[in-house]
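Observations on the three-dimensional arrangement
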Amino acid sequence: MHMEKVALLKEKYDLLINGEAVPGSSGETFTVYNPATGEAITEVAKATRADVDRAVEAARAALTQGKWARWPASRRGQILNKIASIMRSRFKELVELEVLNTGKALSAAKGQVMQAIEDFELYAGAVSTIQGHTKPVPNGFFHYSVKEPVGVCAQIIPWNYPLMMAAWKVAPALAAGCTIVLKPASLTPLTALALADICHEAGVPNGVINVITGSGSDVGSYLVEHPGVDKVAFTGETTTGKDIMAKASETLKRVTLELGGKSPNIIFADADLEAAVNGAVFGIYYNTGQSCEARSRLLIHEDIYDAFIERFIEKTKQLRLGDPFSEETHVGAVISQAQWDTIHSYVQAAEAEGARVLCGGKRPEGKEFERGHWYLPTLIGDVTNDMRVAQEEIFGPVVVAIKFKDEQEAIRLANDTVYGLAAAVWTRDHALAHRVTGQLKAGVIMVNNPFSTFPGLPFGGYKQSGFGRELALESLDLYMETKSVLSYVGPKPLNPFGL
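The protein chain appears in an unreviewed UniProt entry as Aldehyde dehydrogenase family protein from Laceyella sacchari. Its UniProt record, at the heading Sequence similarities (unreviewed entry), says of the protein chain: "Belongs to the aldehyde dehydrogenase family."

**A look at the sheet that holds strand β1 (residues 12-13)**
Taken in spatial order, the three strands line up as β1-β5-β4 in an open sheet, and their pairing is mixed. Since the sheet does not close on itself, it has two edges, and those belong to β1 and β4 (29-33), each with one partner. Relative to strand β5 (residues 40-45), β4 runs antiparallel, the two being bridged by five bridges. Among the inter-strand pairings, V32 is bridged to a residue of β5, identified as T42. Taken strand by strand, helix α6 (residues 190-202) contacts β1, β4 and β5, and its axis lies near 55° from that of β5.

**Notes on the sheet that holds strand β16 (residues 398-404)**
Across the sheet, which stays open at both edges, the seven strands sit in the order β14-β15-β16-β13-β12-β18-β19 with mixed pairing between neighbours. Each edge of the open sheet is held by one strand with a lone partner, namely β14 (356-359) and β19 (444-447). Strand-to-strand twist of the sheet, defined as the mean angle between neighbouring strand axes without regard to direction, takes the value 25°. Bridging between strand β13 (residues 297-301) and β16 involves five bridges; their strand directions are parallel. When the sheet's bridge partners are listed, H301 is paired in β16 with F404. Against the sheet, helix α9 (residues 273-285) contacts β12 (264-267), β13, β15 (378-381), β16 and β18 (422-426), and its axis sits at roughly 140° relative to β16. In this fold helix α10 (residues 305-316) packs onto β12, β13, β14, β15 and β16, with an angle of close to 140° to the strand it touches most, β13.

How each quantity is defined
- Residues numbered from 1 in each chain as written.
- Predicted model: local features only at pLDDT ≥ 70, side-chain atom pairs only at ≥ 80, totals over all residues.
- Heavy atoms only, no water.
- UniProt positions renumbered as here; feature names shortened; annotations may be inferred.
- Pairing = 2+ DSSP bridges.
- Helix = DSSP H or I, 4+ residues; strand = E, 2+ residues; numbered from the N terminus.
- Contact = heavy atoms within 4.5 Å.
- Axes fitted to C-alpha atoms, helices over the stretch in contact; angles between N-to-C directions.

Below you can see the structure in the form of C-alpha cells.
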C-alpha cells in the first residue's frame with residue numbers, strides 16, 4: 001500500500017498550552033498508529049492532570065486578561081477567514097495527515113477537510129449575527145441585552161472525524177469569543193494539533209486555544225470535572241456522554257452532547273430502486289460505517305425486499321477496499337483492532353440470534369489486508385428489531401435489513417430505539433415522505449438523498465443521541481450567555497416602599 005510520509009507529520013508531537021508546544025509534565029508519550037497497516041507513525045505527549053490544570057489556567061487567563069473576547073466580532077471573523085485560507089493552502093497536507101492517522105479513504109478525507117474549511121468560513125460570517133436587543137419597558141426605564149462568551153470551553157473530539165468534528169466545535173467557540181481546551185481522541189490527535197497551529201498562525205492569541213492529548217478516561221474526565229471549565233462539548237458514544245453529563249452537573253457546566261445513533265433508512269415500495277440502493281450503500285459504508293448518523297438499519301417494504309436486497313448486495317460487492325491513499329478506494333480501514341473485534345462480535349451475535357450474514361462478515365482476503373484493521377462491508381438479513389444488531393450501535397461497515405408492511409409499521413420500527421440522531425426516507429410520494437418525517441423522532445432527516453448535512457444546517461439528535469445543535473447559526477448560542485440589563489433613567493428617584 002502507498003503510505004507516504006506527509007509534509008505535516010512530525011516525529012514527535014507535544015501538547016499545546018498558551019501558544020507553546022510543551023512536553024507533558026511526566027515526559028511520557030504514547031504511540032499513534034496507521035489503522036490501514038498497523039504501523040506506528042509517531043509519538044504524542046501523554047498529558048497528566050497537572051497539564052490539564054496548566055491548559056485551563058492559560059485559557060482562563062486568555063479569557064479574563066486577554067483581548068480575544070473584547071475584540072469586535074468582525075475582527076474575530078477576519079481571523080476565522082484567515083484560518084480557513086491557511087487550511088485551503090494546506091489542503092493536500094491536511095488530507096494526507098487525516099488519511100494516515102485514520103485509515104479512511106482519500107475521497108472521504110477530502111470531503112471532510114473541505115467541510116472543516118467551510119465551517120470556519122460559515123462562522124466568520126456568522127459573527128455578524130451576534131447581537132443583543134432592546135425591549136419596550138415602562139416609562140422611565142431602559143432595557144438592553146448583550147451576548148457574552150460562555151467562557152472556557154472543554155471540547156472533546158471523537159476519532160471518526162478528527163478534523164471535521166474539531167472544526168464543528170472550535171469555529172463557533174472562537175466566533176463567540178470563548179477560549180478552548182481541545183481534547184482530541186488518543187487514536188487520532190494529529191489534525192487537531194495541526195489545526196491549533198494554523199489558528200495561531202492566523203492570529204488567534206496565545207491561550208485562546210490549547211490542546212491536551214492523552215487518555216480520555218483520565219485527562220478527559222478530569223477536564224470535564226475541572227472547576228475552571230464553563231462548558232463541555234462532546235461528540236462520542238452515548239455511555240460516555242451520560243458520564244460526562246453527570247460529571248459536569250457537579251459544577252453545573254453548560255453541556256452539549258452529540259452521541260450515538262441507530263439510524264433507520266426507510267425504503268417504501270414506490271422508491272426509485274436504483275437511487276435508494278445507491279444511497280443506502282453510501283449511507284452505511286461511507287467512512288467505513290464509522291459515523292454516528294450511519295444509516296445502519298434498512299427498513300424495506302416487503303413488496304420490494306428481495307429485489308432491493310439483491311441489488312444492494314451486488315452494489316456492495318463492487319465497493320473497492322484497499323490503499324486509503326488511492327482515488328479509487330471506497331472503503332478504508334477500521335480505526336483499531338479493538339473496534340474490529342467489537343464489530344465482529346456483533347456479527348457473531350446476530351448469527352447466534354438467528355440472523356443471516358448475506359455478504360461480508362469477515363476480513364477481506366489478500367496480502368494487502370493481512371496487516372491493519374480491515375472488515376468487509378456487511379449486510380445481515382432475517383433481522384428483527386429486537387435483536388442486539390438492530391438496537392445497539394455497531395460503528396462499523398455493518399447494516400441490518402428488516403421488512404415492514406405499511407407506513408405505520410415503518411414509523412413504529414424507525415422510532416423503536418433509544419437513539420434519535422438521523423433517518424432517511426425513500427419514496428416518490430412527497431406527501432408520504434413528509435407525513436413520515438413529521439412522525440420520526442430524529443434530529444436529521446434525509447429524503448431521497450444520503451447526505452445528512454451541509455455547513456449552515458443544524459445537526460444533532462433526539463432522545464439518547466444527545467442535545468444541542470452544531471454546524472448552524474444557532475450553534476453560536478451554545479457558546480454565549482445572554483445578559484439582561486434594566487436601567488432606570490427617570491427624572492425622580494424611585495421609592496418602591498413609599499418610605
